Amino acid sequence: MASFMSYFGAGRKDPKQTARDAIVGLRQQLQMIEKKEEYLQRKIEEETKKSRANAVSNKAAALAALKRKKVTESELDRLAGTRLQLEMQVNTLESANLNAETMAAMKKASDALKVIHGNLTIDKVDATMNQVNEQRELANDIAEALANPMYTGIDLDESELEADLEELQQDVLNERLNEADHAPVHLPPNATRAEEKSRRPAVAEDDEEEQLKQLQAEMAM
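Residues numbered from 1 in each chain as written. Predicted model: local features only at pLDDT ≥ 70, side-chain atom pairs only at ≥ 80, totals over all residues. Heavy atoms only, no water.

To continue, consider the environment of Glu 73. Relative to the helices and strands, Glu 73 is located in helix α3 (residues 59-117). Given a relative accessible area of 26%, Glu 73 falls into the partly exposed group. (Helix = DSSP H or I, 4+ residues; strand = E, 2+ residues; numbered from the N terminus. Buried < 20%, exposed > 50% of the residue type's maximum accessible area, 1.4 Å probe, protein only.)

Encoded structure:
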């Protein structure tokens, strides 16, 4: 029954969880090896002390201590090789687990992009951008047309406007000259009528010249 259920996938473990369990087991084994290495290292130090202590007084004991030291060092070297293999397996499993999680995240991102894009294609994007550009150009043309005085409904001739302006200036100048001719001249009480007649043209000419200068100044502004 168990084999039948496993054939259909029931009871099959999660690969991620399997990797985690394997990493945990390897790390526990590494801890045990490290403790064993610490024990062997202390034993090597003890045998070294014994051999040094008996090097002169008891050569047999010193040689036995050296033998035990060599055996312990060999065992320590084997444990170091085993620890290296376990560490490499841990690194391999962690890298594989990280790669699997990265691929799963990339797969989710790819699925999300498919949902976002939907039926969107590069041809549709190009067509939409062309429509946007056409509408932008149309809006600019409309704005320029509204700001152009040609669309005011009046066809203006610049030469005619200049002629009208010159005629208007001449009319204004003539009017001011006429006003200057009819302006009264005030003489001192003791002045004679002969002096009045002799001074009137000069005063009129001065007023006329002053009026002309003022008109030219105003038109220059």
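Annotation from UniProt places "coiled-coil region" (unreviewed entry) at residues 16-50. Annotated as 100% helix and 0% strand, the span residues 16-50 places its first and last C-alpha atoms 51 Å apart. (UniProt positions renumbered as here; feature names shortened; annotations may be inferred.)

Attention now goes to the environment of Arg 52. Position of Arg 52 relative to the elements: it lies in helix α2 (residues 15-53). Here Arg 52 falls in the exposed class, since its relative accessible area comes to 68%. Considering only alpha carbons, one finds Arg 52 and Ala 65, 13 residues apart in sequence, at a separation of 9.0 Å.

The terminal C-alpha atoms of α3, which comprises 59 residues, lie 86 Å apart, in line with the 87 Å expected from a rise of 1.5 Å per residue. Taken together, the buried positions of α3 are Ala 62, Ala 65, Lys 69, Thr 72, Leu 76, Leu 79, Leu 86, Val 90 and Asn 97. Where α3 is buried, its residues contact α2. Looking at the residues trailing α3, positive phi occurs at Gly 118, about 60°. (Expected span 1.5 Å × (residues − 1). Contact = heavy atoms within 4.5 Å.)

Turning our attention to the nonpolar core. Core analysis: the largest hydrophobic core is formed by 10 residues, namely Ile 23, Leu 26, Leu 30, Ile 33, Leu 40, Ile 44, Leu 76, Leu 79, Leu 86 and Val 90. Every element with two or more residues in this core is listed here: α2 and α3. Ranked by the residues each element gives to this core, the list is headed by α2, at 6 residues. (Core = buried A, V, L, I, M, F, W, Y, C linked by side-chain atoms within 4.5 Å.)

A separate point is a nonpolar patch on the surface. On the surface, a cluster of nonpolar side chains totalling about 360 Å² of accessible area is made up of Leu 120, Ile 122, Val 125 and Met 129. Considering the arrangement of structural elements, one finds Val 125 in helix α4 (residues 122-147). Judged by relative accessible area, which is 31%, Val 125 ranks as partly exposed. (Patch = residues over 30% accessible without salt bridge, like charges linked within 9 Å, V, L, I, M, F, W, Y side chains within 5 Å. Areas by Shrake-Rupley, 256 points an atom, 1.4 Å probe, with all protein chains shown as cover. Salt bridge = Lys/Arg side-chain N within 4 Å of Asp/Glu carboxyl O.)

Turning our eyes to something else, we now look at a negative patch on the surface. A cluster of acidic residues, Asp 157, Glu 158, Glu 160, Glu 162, Asp 164, Glu 166, Glu 167, Asp 171, Glu 175 and Glu 179, forms a negative patch on the protein surface. Along the chain, Glu 175 falls in helix α5 (residues 158-181). (Lys, Arg positive; Asp, Glu negative; His and termini not counted. Charge placed at Lys NZ, Arg CZ, Asp CG, Glu CD.)

Within the secondary structure, Glu 37 is located in helix α2. Under the relative-accessibility criterion, Glu 37 is labelled buried at 12%. Look past the residues within four positions of Glu 37 in its chain and what remains in contact with it is Leu 76, Leu 79, Ala 80 and Arg 83.

The first and last C-alpha atoms of α2 sit 57 Å apart over 39 residues, in line with the 57 Å expected at 1.5 Å per residue. Buried residues of α2: Ala 19, Ile 23, Leu 26, Leu 30, Ile 33, Glu 37, Leu 40, Ile 44, Glu 47 and Ser 51, and no others. Next to the buried residues of α2 lie α3.

The subject of this paragraph is the confidence of the model for the chain. Averaged over every residue, the pLDDT of the chain is 79; residues scoring 70 or more account for 74%. In the model of the chain, helix α1 (residues 2-7) stands out as the element of lowest mean pLDDT, 43, in contrast to α3, which has the highest, 91. Here residues 1-10 is modelled with pLDDT under 50, and outside its nearest four sequence neighbours on either side it reaches 3 contacts, counting other chains as well. (pLDDT = per-residue confidence, 0-100.)

Let us now look at the pattern of salt bridges. Tallied over the full model, the rule gives 7 salt bridges. Residues Lys 36 and Glu 75 are paired through a salt bridge, measuring 3.9 Å at the closest nitrogen-oxygen approach. Note that Lys 36 is positioned in helix α2 and Glu 75 in helix α3, a separation of 39 residues in sequence. By relative accessible area, Glu 75 is classed as partly exposed at 28%. Within this structure, Glu 37, Arg 83 and Glu 87 form a network of salt bridges that share partners.

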